[in-house]
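Tertiary structure, described
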Number of protein chains: 2
Amino acid sequence: MSENQPAIRETFRMAMRHIASTVHAITALHAHECHGILATAVSSLSFDPPSLLVCINQAASLHSPITQAELFGVNVLGLDNRDVAERFAEARGAERFSVGDWSIDHGAPVLLGAQSAMLCRRVDCHTFGTHTIVVGELVEAWHRQNGAPLTYYDRSYIDISAAPVSTL
Amino acid sequence: MSENQPAIRETFRMAMRHIASTVHAITALHAHECHGILATAVSSLSFDPPSLLVCINQAASLHSPITQAELFGVNVLGLDNRDVAERFAEARGAERFSVGDWSIDHGAPVLLGAQSAMLCRRVDCHTFGTHTIVVGELVEAWHRQNGAPLTYYDRSYIDISAAPVSTL
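Reference entry: report on the structure contained in this document. In this text, all values refer to a predicted model and were calculated from it rather than measured experimentally.

1. Quick word on the interface of chain B and chain A
Counting from both sides, the interface comprises 72 residues of chain B and, opposite them, 72 residues of chain A. Summed over both partners, the interface of chain B with chain A comes to about 6,100 Å²; 69% of that surface belongs to carbon and sulfur atoms. In terms of surface lost to chain A, no three residues of chain B exceed Phe-12, Phe-47 and Phe-128 of chain B, which account for 12% of the buried area on that side. Here chain B is connected to chain A by 2 salt bridges. Between Asp-48 of chain A and Arg-9 of chain B there is a salt bridge, with the nearest N and O atoms lying 3.4 Å from each other. Taken together, the links from chain B to chain A amount to 17 residue pairs in polar contact (both at pLDDT 80 or more).

Shown next, in the form of C-alpha cells:
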C-alpha cells in the first residue's frame, strides 16, 4: 500500500474517466427475479474457450445473484438502447427491466435489441478489495451487424461510429 | 462447453471488434530487460485499494516476466503515442522500447508521454483458458490533462475526442 493513497486514487479516477468505456447491462436471474446493473469494468478474457470477466462491487445488488446463479448475461448496449441505460440508472431491482425487450428464456435476462448479448456460465469468482472478478464462459451469443455501442467518455455518452479515423 | 463453439467464437469475435478499446502498453522489467505488449483486455477493478487487472495470453512474451516481476506498468497510450503502438506491433523484445520516452527508474517501464501511466504491484494471478488474469494494486500513477486516448474500434484507430456527444 502506497503512503500516497489519496493522490493515487484521484489520479486513477482521472485516468479511468478519460478512456472510452462500453456500457454493459450485466444481468442474472435469481429466485425467479431479474437482477441487473450497468457496468463498464468488463473485459474479454480468452477465445479458447470464449470467455470474459466482469468486476462487480460486493455492495451492488447484483453481487449476490451473480455469484449464486449458474448463468449471467452480458448485454452490450447500443446507442439506441440509451433508454435502457437510463432506466437502469433510475430504477431499482426488477423495475430496471421495464424498458427494453428482455428475454429470460435463456436462463439470464438477455436484451433482444442489444448491440451484442452474451450468455455466460459462471466458472470462477475471485475477490479483491471491494470487488469480485466474475469469470464466465460463453454458452450463447448474439451480435447485431449494424449500429454502434453506447460508449461513455469523460462523463458523456458519445457516438464512436462518428469518430474520425486517426491518421499519423 | 456449448456444442456450438465455432459459431459462438465467431459471434464473440464480432462483438468484441465492435466495442471501443483503449490501447495499453503493458510492461515489466525482468532480468534487467524491458518486456512489453499491447493490450486492450484491461479493466479497472476497485478504488479501494486502487487496482486494475490485465488479461495476458500465456503464449505472450510478457507472460513470464509479468508473473515473476514484483511490479508492472499499465501505460494508456494517447493519440500522439501511435508511433509507440506501431513500434510495439512491429518489433520484438527490448526493441519495442526504442520509440518513446521510457523510464525504468520506477521498477517497470513507464512511458513519460503516455495519456496515463500506472505502476502496479502484482497481487494476484488467476489462470483461465489460454490467459492469466493479473491483478495489480497501484503504487504510482500519472495522468496528462490534455490529449485523447488511442482507441481501437472495428480494426481502426479512432479519435474519440472528436466523437459527437450522443443525445436522446
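2. Some words on the sheet that holds strand E5 (residues 50-57) of chain B
Ordered by their spatial adjacency, 7 strands build an open sheet running E3-E2-E6-E9-E10-E5-E4 (chain B), and the pairing between neighbours is antiparallel. Each edge of the open sheet carries a strand with a single partner, namely strand E3 (33-39) and strand E4 (42-47) of chain B. Taken over all neighbouring pairs, the strand axes of this sheet differ in orientation by 30° on average, direction set aside. Bridging between strand E9 (residues 116-128) of chain B and strand E10 (residues 131-143) of chain B involves 12 bridges; their strand directions are antiparallel. Opposite Asp-124 of chain B, over in E10 of chain B, you have Val-135 of chain B as the bridge partner. Lying over the sheet, helix H1 (residues 5-17) of chain A contacts E4, E5, E9 and E10 of chain B, oriented at roughly 110° with respect to E10 of chain B.

3. Considering the relation of the copies chain B and chain A
Overlaying chain B on chain A yields an RMSD of 0.0 Å, the required transformation being a rotation through 180° with an accompanying axial translation of 0.0 Å. Here the copies are linked by what is in effect a two-fold axis. Distance from the rotation axis, computed per C-alpha, reaches its smallest value in chain B at Ala-163 of chain B: 2.1 Å.

The rules behind these values
- Residues numbered from 1 in each chain as written.
- Chains lettered and ligands numbered in written order.
- Predicted model: local features only at pLDDT ≥ 70, side-chain atom pairs only at ≥ 80, totals over all residues.
- Heavy atoms only, no water.
- Contact = heavy atoms within 4.5 Å.
- Buried area = accessible area lost by both parts, 1.4 Å probe.
- Salt bridge = Lys/Arg side-chain N within 4 Å of Asp/Glu carboxyl O.
- Polar contact = N/O pair within 3.5 Å; in protein donor to acceptor, adjacent residues only side chain to side chain.
- Pairing = 2+ DSSP bridges.
- Helix = DSSP H or I, 4+ residues; strand = E, 2+ residues; numbered from the N terminus.
- Axes fitted to C-alpha atoms, helices over the stretch in contact; angles between N-to-C directions.
- Least-squares fit on C-alpha atoms with pLDDT ≥ 70 in both.

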